[in-house]
Amino acid sequence: MISDKPLYQQPWLLFMGILLVSFNLRPSITAVGPLIPMIREDLDLSNGWAGFLTTLPLLTFATFSLFSAAIGKYFGNARAILYALVLLLIGSVIRVLGDADMLFIGTGLTGIGIVICNVLLIPLIKNRMPGKIGWVTASFTTGMTLFAAIASGISAPMAIDLELGWRGSLLAWVGLLLIGILIWTPQLKWKENPKTEAGDMPNINVWKSRLAWDISMFIGVQSLLFFTIVAWLPDMMMDRGLSAVEAGILLSLMQIVGLSGSFLSPIIATRYKDQVGVVIVLGMMYLVGFSLMFIQVLWVNYVGLTLVGVGLGSSISLAYTLIGLRTRHDNTTASLSGMAQSMGYYLAALGPLLFGITFDLFAEWKVFIGLMLLCSVLFIYFGIRSGKSQQI
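Criteria and cut-off values
The residue count restarts for each chain, going from 1 along the sequence in the order it is written. Whole-chain, interface and lining totals are the exception, using all residues; otherwise, since this is a predicted model, local features are given only for residues with pLDDT of at least 70 and side-chain atom pairs are given and counted only at 80 or more. Based on all heavy atoms of the structure, the side-chain values leave hydrogens and waters out of the count. Patch rule: a residue counts if its relative accessible area is over 30% and it has no salt bridge; like charges are joined within 9 Å, and nonpolar side chains (Val, Leu, Ile, Met, Phe, Trp, Tyr) within 5 Å. Areas reported as accessible are Shrake-Rupley estimates using a 1.4 Å probe. Residue values count occlusion only from the protein chains shown. Salt-bridge detection follows one rule: a side-chain nitrogen of Lys or Arg within 4 Å of a carboxyl oxygen of Asp or Glu. Segments assigned H or I by DSSP are reported as helices when at least four residues long, segments assigned E as strands when at least two residues long, and all are numbered from the N terminus. Residues grouped as a nonpolar core are buried Ala, Val, Leu, Ile, Met, Phe, Trp, Tyr and Cys residues, joined through side-chain atoms within 4.5 Å. Only protein chains enter the accessibility calculation, which uses a 1.4 Å probe. A residue is then buried if its area is under 20% of the maximum for its type, exposed if over 50%, and partly exposed in between. Segmentation into domains, and thus their bounds, comes from an automatic or database assignment. When checking whether two residues touch, look at their non-hydrogen atoms; a contact exists if any pair is within 4.5 Å. Buried area counts how much accessible surface, traced with a 1.4 Å probe, disappears from two parts once they are put together, with both parts' losses summed. Pairs of N or O atoms within 3.5 Å make up the polar contacts considered here, provided that, within protein, one atom can donate a hydrogen while the other can accept it, and that residues adjacent in sequence are counted only when both atoms are side-chain atoms.

Identification of the protein as CP family cyanate transporter-like MFS transporter from Cecembia calidifontis is taken from an unreviewed UniProt entry.

Below, the structure written as structure tokens:
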């Protein structure tokens, strides 16, 4: 049966738009890592400044998460997301056009564009597709994770084998951005008057809510686990006999394995009144997975990392789902999304540094694994508190 709704109100077009936005939220970050040696040599950067290229987006995410809800309230979520995609496009172009200053300015702009989309997609899904929060969130986070892995894998071959250089390799992702902007633009035809609508909703200060802090800490611990593992796992596995290439492939495979959890966890979680059971299952996967890393036998480590990978993929999807489930109103959802992601990215930015300092002090991977287990316990604690059936 053909729907008589106008094109911009068709659910399939909105879903396609959400998917294409999600595809664009990680490549501009994950494509940079494999290209850092080329960028460092071409622009004569120190190791410190080269490393800052990966830290800058996280700091940008953490800071501008706090303002994203207000931006969405002012423009309307759909329009704000379109402006953010355009800003991401501008930043992606600027960073490949000149010297190191242009590189860092462009990288900062891409971070702002990404985080606005990240924060506002959650309340938009809750508002436009309230009966399909789990399924759409699953698709959104899976698409984001998938293209993060793709960008990591093909950025260096594009630069070297296709002879595009690091600038051409990064610029190639602009094509996907243009498609995303084109498909998203019809969503602006939805009648939104965010200034008026916001006045009809209760103005809740999420910073004074214990539940909001529990969810923020849950997302923070989840982010810390992910980015710390991404930063330090290759070094640990090279100490256990893998080559740099093999350690990198292992890291990529761990993230690819996590795609199954990324897609399934929101669908499963939304079938229950609360999500405590899902949190406990994921927490046990972390505890068992990290515990197996104490055993210096590679096949045992692979089993452990498979469990950790599924846990990481599931956790980020579950975290986004909880933001929608634990709030009653769209403006509260956006505020909680901004607060929780800000906390998450600040912890994510600090995690690899703090764990690195700890390793410098003790020079022992068992300490690193022990700290991962401690974070897993905190994950379970804050997850149980966040997973109970209650709302802000």
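There's more to say after this.
Novice: I tried to follow a nonpolar patch on the surface on my own but got confused; where do I start?
Specialist: A cluster of nonpolar side chains, contributed by Phe 294, Ile 295, Val 297, Trp 299, Tyr 302 and Val 303, occupies part of the molecular surface with about 540 Å² of accessible area. Inspection of the secondary structure assignment puts Val 297 in the loop between α13 (276–292) and α14 (298–325).

Novice: Before we go on, may I ask you to explain the nonpolar core in this structure?
Specialist: If you look at the biggest cluster of nonpolar residues, it comprises 89 residues, and the most contacted ones within it are Ile 18, Ile 81, Trp 184, Met 237, Phe 290 and Phe 368. Looking at which domains feed residues into this core, each of domain 1 (1–189) and domain 2 (206–391) supplies at least three. The contacts of Met 237, once residues within four sequence positions are left out, are Leu 242, Ala 247, Leu 250, Met 293, Leu 298, Asn 301 and Leu 305.

Novice: Can you walk me through the domain arrangement of the protein in this structure?
Specialist: When the parts of a complex come together, some accessible area is lost, and that lost area is often taken as the interface size. Taken domain by domain, the protein comprises domain 1 (1–189) and domain 2 (206–391). Spacing between the C-alpha centres of domain 1 and domain 2 amounts to 22 Å. At the interface, 28 residues of domain 1 touch 30 residues of domain 2. Both faces combined, the contact of domain 1 with domain 2 buries some 2,600 Å², and carbon together with sulfur accounts for 71% of it. It is Leu 58, Ile 122 and Lys 126 that lose the most area in domain 1 upon contact with domain 2, and together they represent 21% of the buried surface on that side. If you look at where domain 1 meets domain 2, you find zero salt bridges. Counting across the domain 1 and domain 2 interface gives twelve residue pairs in polar contact (both at pLDDT 80 or more). Sorting the residues of the side of domain 1 that touches domain 2 by element identifies α4 (47–75), α6 (100–128) and α7 (133–160) as the ones contributing at least two each.

Novice: Hey, could you run me through the environment of Val 367 in this one?
Specialist: For Val 367, the location among the structural elements is in helix α16 (residues 365–387). Discounting chain neighbours no more than four positions away, the residues touching Val 367 are Thr 358 and Phe 362.

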